[in-house]
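One letter stands for each residue in the lines below.
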Amino acid sequence: MKILVQKFGGTSVADLDAMRHVLSKVQKGLVNHDKVIVVLSARAGDTNKLLALAQQWSDTPDKAECDCLVSTGEQVSIALFSMLLKDNGISARSLLSWQIPIQTNDDFGNARILDIDRDKLKSLLESYDVLVVAGFQGMTEDGRITTLGRGGSDTSAVALAAALDSCECEIYTDVDGVYTTDPNICSAARKMDCVSYEEMLELASMGAKVLHIRSVEFAKKYKVPVRVRSTFSDDPGTLVTKEDASMEAVLVSGIAYDKDQARVTLRDLPDIPGTAAAVFGPLSEKGVLVDMIIQNTSQDGHTDITFTVSRRDLTKTLEIMQGISEKIGASEILHDVNVAKVSAIGVGMRNHSGVAARAFTALTQEGINILMISTSEIKITILIQEKYVELAVRILHDTFGLDWDIA
Ligand code: ASP
Ligand code: MG
């Protein structure tokens, strides 16, 4: 049985008109496949409205009840769309997560999928041509409704495709694929034909918000090819898949940026074993995610440590640092929120040297000062002043030959 999973986001199901586009995608899916599983998000804005409602009722809404509430957005979409399918002569039914079930842990609001009853799914596919499944939601072992975190219906779709081995997964949205960088700040950005899971994870974590990051991790783990495409065009979109030789030939495949950065510097720490642990231990205990870290060389037995955190964690970070400053012996705690990071990403970097030098040279020529640098196998990240971020993205995009070729 050839099965296709198609996921549609909030704008694709926002109203009857949009849903008619979805209908035509499903009809096309049925031409080349025996069965289609449609995964839907809530209609655009519905999840936000439901979350706001919970806040009206309670300052600290019970997490399990909040999931019970916000998961209803998807229930509306699947019922309405199933009506449309039936009116068009397609054998279909709606399915909530507990009706399959899609089992998750009990981390309400951010649950992880543990298991999907594939036998039940297959038997349902015997009876219907199209199953319309509510995305974003799951069920705990003891029968409580969970949600998978904002944007989580991408993960529902990939998990369903993974459960039905060798099943393709299409994620429909309102853009026609994954771009080499943000087209809003770089008009030369191009849509990519394909991108590796590793690159997509880096792009997504840097704020290229096309796919829920956990869905990419899932796709990578279970080797599910995912095609990101638009509901409102026939463009083939971007295929997110495993790395191949053609991808390795390209040095840099995308430029990402993130303005949600704050820099903290601790001055004159004693350069003795245990200092870094004393700084970063309390941060991790309080759930602060530290991103880039630099420790300088020692002078007179003392050193500076600089690191970055998300801006929303800055106040908490500074409080923690004040609390331990005597213990760790810092002479001063400095911070700066006017910073941002820019990254060049590409699996091709594994086999080529000189990428970092090229990036630094290009930025220097434009007079952009580099505050921090970090590198990994497939990524170079630099921290710069926020006011230069758009310029830096455009320069790197051009330097690595990603600009749209007008000729
Ligand atoms: N409706 C949920 C949200 O708005 C899930 C999703 O759209 O993927 O986050
Ligand atoms: Mg989404």
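Structure: see above.
These lines cover the structure that appears in this document, whether it is placed above or below. (Residues numbered from 1 in each chain as written. Chains lettered and ligands numbered in written order. Predicted model: local features only at pLDDT ≥ 70, side-chain atom pairs only at ≥ 80, totals over all residues. Heavy atoms only, no water.)

Turning to the pattern of salt bridges, a few remarks are in order. If you walk through the whole model with that rule in mind, you get 21 salt bridges. With its nearest N and O atoms 2.8 Å apart, the salt bridge here joins Lys7 to Asp154. Of this pair, Lys7 sits in strand E1 (residues 3-8) while Asp154 sits in helix H6 (residues 153-163), and the two are 147 residues apart along the sequence. The same class applies to Lys7 and to Asp154, which are both buried. Residues Lys379 and Glu202 are paired through a salt bridge, measuring 3.0 Å at the closest nitrogen-oxygen approach. In this pair, Lys379 sits in strand E18 (residues 379-385) while Glu202 sits in helix H7 (residues 197-205), placing the two residues 177 residues apart along the sequence. (Salt bridge = Lys/Arg side-chain N within 4 Å of Asp/Glu carboxyl O. Helix = DSSP H or I, 4+ residues; strand = E, 2+ residues; numbered from the N terminus. Buried < 20%, exposed > 50% of the residue type's maximum accessible area, 1.4 Å probe, protein only.)

This part is about the packing of H6 against helix H8 (residues 213-222). The N-to-C vectors of H6 and H8 enclose an angle of 15 degrees; their axes lie 8 Å apart at closest approach. In terms of orientation, H6 and H8 fall into the roughly parallel class. Seen from above, H6 lies across H8 with left-handed handedness. Contact residues: H6 offers Asp154, Thr155, Val158, Ala159 and Ala162, while H8 offers Arg214, Ser215, Phe218, Ala219 and Tyr222. (Axes fitted to C-alpha atoms, helices over the stretch in contact; angles between N-to-C directions. Parallel < 35°, antiparallel > 145°, perpendicular 65-115°, else oblique. Left-handed = near helix turned anticlockwise from the far one by under 90°. Contact = heavy atoms within 4.5 Å.)

In terms of nonpolar packing, the biggest core is built from 44 residues, with Ile37, Ile116, Val133, Cys169 and Val226 touching the most fellow members. With 7 residues, H6 is the single largest residue contributor to this core. For Val133, the residues in contact, after removing those within four places along its chain, are Ile37, Val38, Val39, Leu40, Ile78, Leu95, Ile100, Ile102 and Leu160. By size, the runner-up hydrophobic cluster in this structure holds 24 residues, among which are Leu251, Leu363, Ile368 and Phe400. (Core = buried A, V, L, I, M, F, W, Y, C linked by side-chain atoms within 4.5 Å.)

All right, on to the side chain of Ser343 then. Inspection of the secondary structure puts Ser343 in strand E16 (residues 332-345). Side chain to side chain, Ser343 and Thr381 meet in a polar contact 2.8 Å long. (Polar contact = N/O pair within 3.5 Å; in protein donor to acceptor, adjacent residues only side chain to side chain.)

By themselves, these are just geometric observations and shouldn't be taken as functional.
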